[in-house]
Amino acid sequence: MITAAKNHRLLLASCLLATTALIGAAQAQEEPIKVGVLHSLSGTMAISETTLKDTIEMLVDDQNEKGGLLGRPLEAVVVDPASDWPLFAEKARELLTVEEVDVIFGSWTSVSRKAALPVLEELNGLMFYPVQYEGEESSKNVFYTGAAPNQQAIPATDYFLEELGVEKFALLGTDYVYPRTTNRILEQYLKDNGIAEEDIFVNYTPFGHSDWSSIVADVVALGADGKKVGVISTINGDANVGFYKELAAAGISADDIPVVAFSVGEEELSGLDTSDLVGHLAAWNYFQSADTEANEAFVAAWKSRMGEDRVTNDPMEAHYIGFNMWVNAVTEAGTTDVDAVREAMWGQEFPNLTGGTATMLPNHHLTKPVLIGEITEDGQFDIISQTEEVPGDAWTDFLPESAVLVSNWQELGCGMFNTETETCVQIESNY
């Protein structure tokens, strides 16, 4: 028989347990979802990456104004890998183990991405990578929201060949994996299109390189026989400032030797006198000058937050698309669990800022339109060519060892599948 006193104690204990459970549930509901930001805020790449940190912070604030995610606020956790490639691995580990972030948006150069990859795969982290790159990779733990070579480098080369009649090519790049791999693809592509090996000049310079006089002179000399020369630039970071200044000092116009850049956008041009660069080109998947309502709203929101002088650019749009796809995938999965979010990401669609729709493919790459723009006097781009959405190809068709490879994480569970042997070559991205 339960006495009144004992019944009171049981009731009190039950109330305490219920109260504790409610407090725990409330705390869990209010605990922020942490968004890691892995971008250089100092060093040679700060000129490009600081804006991407600002972009993620804006997107996080906007999402919080909409009520957060899964009933919880978002919190941006920012670290500075300082343009120091091994530090990207350390900072990625810090974000995942110390800060316990749910997702990472980060890196610019391929060497920084590849430094972080082993950590992401070891700890099953998730990163969205927003910059054009050389392809030849497909990690289970990365979604590549920037362009693969078939969405930037190849179409830009076609424009030189077909529209400008370029007969000799100077492939100028910063000395790391993205320019070297991209140019290896382009060298083969040019040869396949009838360009002789002796008509292809390749040169690499270190990060932060500043003395461009001899290299520009070599490019000019390439056209001594009267053949039209074009420059394909994979120069990264603040080295671009010196390169374009030397072009102007040498009196080279776009009519003389056109340059198409893959790493120069509105942000880089904002620090230059562009009067002598009018007509030179860049190939991206977005320009601030895109005439759509969605882009008008995005640019207005950015300038309202950051100031009228701040510009938008392609990697910002890639983060915009990737972030919103991640939000939708988390909502669909009902959790920030990486494996569940990954599966929800396949097939995600989101309107891009240039018109049309971006779709996330099973190879973890997006469909993206290809835009070519001419530099204008105000540091913007006049869009002179735009395609429909092109599916990103993780493995190029223009290198024989890669042409047999495909990536399909949804159906094959593999990012490096050999279609000839019908086997998964490997899962981890240590290639």
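Everything discussed here concerns the structure shown above.
The structure contained in this document is the topic of the report that follows. (Residues numbered from 1 in each chain as written. Predicted model: local features only at pLDDT ≥ 70, side-chain atom pairs only at ≥ 80, totals over all residues. Heavy atoms only, no water.)

Further remarks concern the overall build of the chain. Along the backbone of the chain there are 13 helices and 19 strands. For 431 residues, the compact-globule estimate of 2.2 N^0.38 gives 22 Å, and the C-alpha radius of gyration of the chain, at 24 Å, lies within 12% of that figure. Expressed along its principal axes, the backbone C-alpha trace of the chain runs to roughly 110 × 55 × 35 Å. The buried share among the 431 residues of the chain stands at 54%. Once local pairs closer than 6 in sequence are excluded, the contacts in the chain between residues at least 24 apart make up 66%. Counting every atom, the chain has about 17300 Å² of accessible surface; 49% of that belongs to carbon and sulfur. Counting 23 positive and 68 negative side-chain charges, the chain places the averaged centre of each group 9 Å from the other. (Helix = DSSP H or I, 4+ residues; strand = E, 2+ residues; numbered from the N terminus. Rg over C-alpha atoms; globule rule 2.2 N^0.38 Å. Buried < 20%, exposed > 50% of the residue type's maximum accessible area, 1.4 Å probe, protein only. Contact = heavy atoms within 4.5 Å. Areas by Shrake-Rupley, 256 points an atom, 1.4 Å probe, with all protein chains shown as cover. Lys, Arg positive; Asp, Glu negative; His and termini not counted. Charge placed at Lys NZ, Arg CZ, Asp CG, Glu CD.)

Taken together, five strands build an open sheet; the order of strands is β2-β1-β3-β4-β5 and the sheet is parallel. The strands lining the two open edges of the sheet, one partner per strand, are β2 (74–79) and β5 (142–144). Going from strand to strand, the sheet's axes swing by 25° on average, the running direction of each strand aside. Sheet topology places strand β4 (residues 127–129) next to β5; three bridges connect them, and they run parallel. Across the sheet, residue F128 finds its bridge partner in β5, namely F143. Here helix α3 (residues 85–98) sits on the sheet and contacts β1 (33–38), β2 and β3 (103–106); the angle it forms with β1, its principal contact strand, is near 175°. (Pairing = 2+ DSSP bridges. Axes fitted to C-alpha atoms, helices over the stretch in contact; angles between N-to-C directions.)

Counting across every chain of the model gives one disulfide. Linked covalently through their sulfurs, C414 and C424 form a disulfide whose S-S length is 2.1 Å. On the sign convention where negative means left-handed, the S-S torsion of about 90° between C414 and C424 marks this disulfide as right-handed. Of this pair, C414 sits in strand β18 (residues 414–418) while C424 sits in strand β19 (residues 423–424), and the two are ten residues apart along the sequence. What makes C414 buried here is its relative accessible area of 0%. (Disulfide = S-S within 2.5 Å.)

Let us look at the nonpolar core. In terms of nonpolar packing, the biggest core is built from 62 residues, with L38 and W326 touching the most fellow members. Here this core takes nine residues from helix α11 (residues 314–333), the largest share from any one element. In contact with W326, not counting residues within four places along its chain, are I33, V35, L69, L74, V103, F105, L126, F128, V341 and M345. If you look at the next biggest cluster of nonpolar residues, it comprises 28 residues, including I252, I257, L269 and L371. (Core = buried A, V, L, I, M, F, W, Y, C linked by side-chain atoms within 4.5 Å.)

Taking 1.5 Å per residue, 14 residues should reach 20 Å; helix α4 (residues 110–123) reaches 20 Å between its end C-alpha atoms and fits that length. All of the buried residues along α4 are S110, S112, R113, A116, L117, V119, L120 and E121. Against the buried residues of α4 lie β1, α3, β3, β4, β5 and α6 (177–192). Within two residues after α4, N124 carries a phi angle of roughly 55°, on the positive side. (Expected span 1.5 Å × (residues − 1).)

Attention now moves to the environment of T145. By the element assignment, T145 lies in the loop between β5 and α5 (153–162). When sequence neighbours within four positions are dropped, the list of residues in contact with T145 reads F128, Y129, P130, A318, G322, M360, L366 and K368.

Let's shift gears to the sheet that holds β19. The strand order across the open sheet formed by three strands is β17-β18-β19, and the pairing between neighbours is antiparallel. Looking at which strands have only one partner, the edges of the open sheet turn out to be β17 (405–408) and β19. Relative to β18, β17 is paired through three bridges, and the arrangement is antiparallel. Opposite N408, over in β18, you have C414 as the bridge partner.

Our next topic: the pattern of salt bridges. Evaluation of the coordinates by the stated rule reveals 16 salt bridges. The shortest N-O distance in the salt bridge between R184 and E401 comes to 3.0 Å. A residue pair is termed long-range when its members are at least 10 positions apart, and R184 in helix α6 and E401 in helix α13 (residues 400–403) qualify at 217 residues. Look at E401 and you get partly exposed, because its relative accessible area is 43%. (Salt bridge = Lys/Arg side-chain N within 4 Å of Asp/Glu carboxyl O.)

Moving on to α11. Relative to the 28 Å expected for 20 residues at 1.5 Å per residue, α11 spans 28 Å between its end C-alpha atoms, a close match to the ideal helical length. Counted residue by residue, α11 has 16 buried out of 20 residues, so it is predominantly covered. You can read the cap of α11 off the contacts: a side-chain oxygen lies 3.1 Å from the backbone nitrogen of M316, and it is on N313. A positive phi of about 75° marks G334, the residue just after α11. (Polar contact = N/O pair within 3.5 Å; in protein donor to acceptor, adjacent residues only side chain to side chain.)

It is worth spelling out the packing of α5 against α6 at this point. Running from amino to carboxyl end, α5 crosses α6 at an angle of 40°, the nearest separation of the two axes being 11 Å. In terms of orientation, α5 lies oblique with respect to α6. Crossing geometry of α5 relative to α6 is assigned as right-handed. Contact with α5, carried on its side by A153, I154, T157, D158 and L161, involves T182, I185, L186, Y189 and L190 of α6 and no other residues of that element. (Parallel < 35°, antiparallel > 145°, perpendicular 65-115°, else oblique. Left-handed = near helix turned anticlockwise from the far one by under 90°.)

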